[in-house]
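In case you want the letters, here they are:
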Amino acid sequence: MKRLTVFAATAATLALGACVTVPDTHPLTGTEWQLVAIDTSGSTTTLTPALQSRHTIAFMDAGEMQLQLDCNRGRSTWTAGQPANGAGSIAIGPVAGTKMLCPEPSFGDELARLSEAQRYTTTLDGRQLVIETGALRYTFTSAE
């Protein structure tokens, strides 16, 4: 009888556990970032604070990403490996965005190239994010 009680209690616990949704625990989930610089082959372009607020990315739940591409808005998907020492792999899907002509200077087209992302790093204090492609390095600061 005692074994049956233990079995029933274990089965009930497992059944209740199956009903609980485990939240996405990736450190990027729920964060928002402003683009502060773009590096290309030895050249760095630094954005002014006004431009930074018009070029943002947000990592949402369930692998969704929202982007502010200057005067345009974009959406994409993302997956990333758990970071080791602040670095990890990242994959960003194709960016679907509106196509308004934004006033110069604009870095929306460059930001839409995040779909080529391969890896990311964060600073220990969590205030800076760097996403690298084969040719570009995007530096972001926390928008929070």
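The structure presented is a predicted model; accordingly, all values stated were derived computationally and were not measured.

Caption draft 1: Representation of the packing of aromatic side chains. Scanning the entire structure with this criterion turns up two aromatic pairs. Centroid distance phenylalanine 59 to tryptophan 78: 4.9 Å. Interplanar angle 80 degrees. Geometry classified as edge-to-face. You can see phenylalanine 59 sitting in strand β3 (residues 55–59) and its partner tryptophan 78 sitting in strand β5 (residues 72–80), a full 19 residues away along the chain. Phenylalanine 59 gets classed as buried once you look at its relative accessible area, which sits at 0%. A relative accessible area of 6% means that tryptophan 78 is categorised as buried.

Caption draft 2: Structural view of the state of the cysteines. Counted according to the given criterion, the structure contains one disulfide. Between the sulfur of cysteine 71 and that of cysteine 102 lies a disulfide, 2.0 Å long from S to S. In this structure, the disulfide formed by cysteine 71 and cysteine 102 twists by about -95 degrees around the S-S bond and is classed as left-handed. Taken as a pair, cysteine 71 in the loop between β4 (64–69) and β5 and cysteine 102 in the loop between β7 (96–97) and α3 (108–111) lie far apart in primary sequence, 31 residues in all.

Caption draft 3: Quick look at the confidence of the model for the chain. On average, the chain scores 86 in pLDDT, and the residues at 70 or more come to 83%. Contacts from residues 4–23, a stretch scored under 50 in pLDDT, to residues over four places away or in other chains number zero contacts.

Caption draft 4: Molecular detail of the environment of serine 142. Summarising the element assignment, serine 142 is placed in strand β10 (residues 136–142). C-alpha separation for the pair serine 142 and isoleucine 57, spaced 85 residues apart in sequence, amounts to 9.9 Å.

Caption draft 5: Broad picture of the side chain of serine 106. Within the secondary structure, serine 106 sits in the loop between β7 and α3. Here aspartate 70 takes part through its side chain, which lies 2.7 Å from a polar atom of the side chain of serine 106. Leaving out residues up to four positions away in the same chain, serine 106 has contacts with His55 and Asp70.

Procedures and definitions
- Residues numbered from 1 in each chain as written.
- Predicted model: local features only at pLDDT ≥ 70, side-chain atom pairs only at ≥ 80, totals over all residues.
- Heavy atoms only, no water.
- Phe/Tyr/Trp six-rings, centres within 6.5 Å; stacked < 30°, edge-to-face > 60°.
- Helix = DSSP H or I, 4+ residues; strand = E, 2+ residues; numbered from the N terminus.
- Buried < 20%, exposed > 50% of the residue type's maximum accessible area, 1.4 Å probe, protein only.
- Disulfide = S-S within 2.5 Å.
- pLDDT = per-residue confidence, 0-100.
- Contact = heavy atoms within 4.5 Å.
- Polar contact = N/O pair within 3.5 Å; in protein donor to acceptor, adjacent residues only side chain to side chain.

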